[in-house]
Amino acid sequence: MKIRLNGEQIELPEEVNSVDKLLTHYSLENRIAIVEINEDIIQKDDYKTMKLKNGDIIEIVQFVGGG
């Protein structure tokens, strides 16, 4: 499946078909992040059930602490 992730066109393995699996694929499952698909913010409770589709435009925003 081909998607646009944070402005970059990528191809995902077939098994990466949900928001939850996408975050795990990029080792982000334990980080605080906001996920937006096609300009809609996805609630964390929906990560496992929200399926990805070919051509989706996805933005993942992470919070980084520092001093």
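Here is what the cut-offs are and how they apply
- Residues numbered from 1 in each chain as written.
- Predicted model: local features only at pLDDT ≥ 70, side-chain atom pairs only at ≥ 80, totals over all residues.
- Heavy atoms only, no water.
- Helix = DSSP H or I, 4+ residues; strand = E, 2+ residues; numbered from the N terminus.
- Rg over C-alpha atoms; globule rule 2.2 N^0.38 Å.
- Buried < 20%, exposed > 50% of the residue type's maximum accessible area, 1.4 Å probe, protein only.
- Contact = heavy atoms within 4.5 Å.
- Areas by Shrake-Rupley, 256 points an atom, 1.4 Å probe, with all protein chains shown as cover.
- Lys, Arg positive; Asp, Glu negative; His and termini not counted.
- Charge placed at Lys NZ, Arg CZ, Asp CG, Glu CD.

The protein chain is annotated in an unreviewed UniProt entry as Sulfur carrier protein ThiS from Fredinandcohnia salidurans.

Draft legend 1. Representation of the overall build of the protein chain within the structure. In terms of regular secondary structure, the protein chain is built from one helix and five strands. If you list the helices and strands of the protein chain from N to C, you get β-β-α-β-β-β. The globule rule puts the C-alpha radius of gyration for 67 residues at 11 Å, and the 12 Å found for the protein chain is close to it. Dimensions along the principal axes, computed over C-alpha positions, put the protein chain at roughly 40 × 25 × 20 Å. Counting the 67 residues in the protein chain, one finds 28% classified as buried. Sequence separation of at least 24 residues holds for 55% of the intrachain contacts in the protein chain that already meet a minimum separation of 6. Carbon and sulfur atoms provide 47% of the accessible area of the protein chain, an area that totals close to 4900 Å². Looking at charge distribution, the protein chain has the averaged site of its 8 positive side-chain charges lying 3 Å from that of its 13 negative ones.

Draft legend 2. Geometry of unusual backbone geometry. With phi around 55 degrees, Ser27 is a residue other than glycine that occupies positive phi space. On the secondary structure map, Ser27 appears in the loop between helix H1 (19-25) and strand E3 (33-37). In this structure Ser27 comes out as exposed when scored by relative accessible area, which is 53%. Positioned with a positive phi, Glu39 is a non-glycine residue whose angle comes to about 75 degrees. Residue class for Glu39 comes out exposed when judged on its relative accessible area of 71%.

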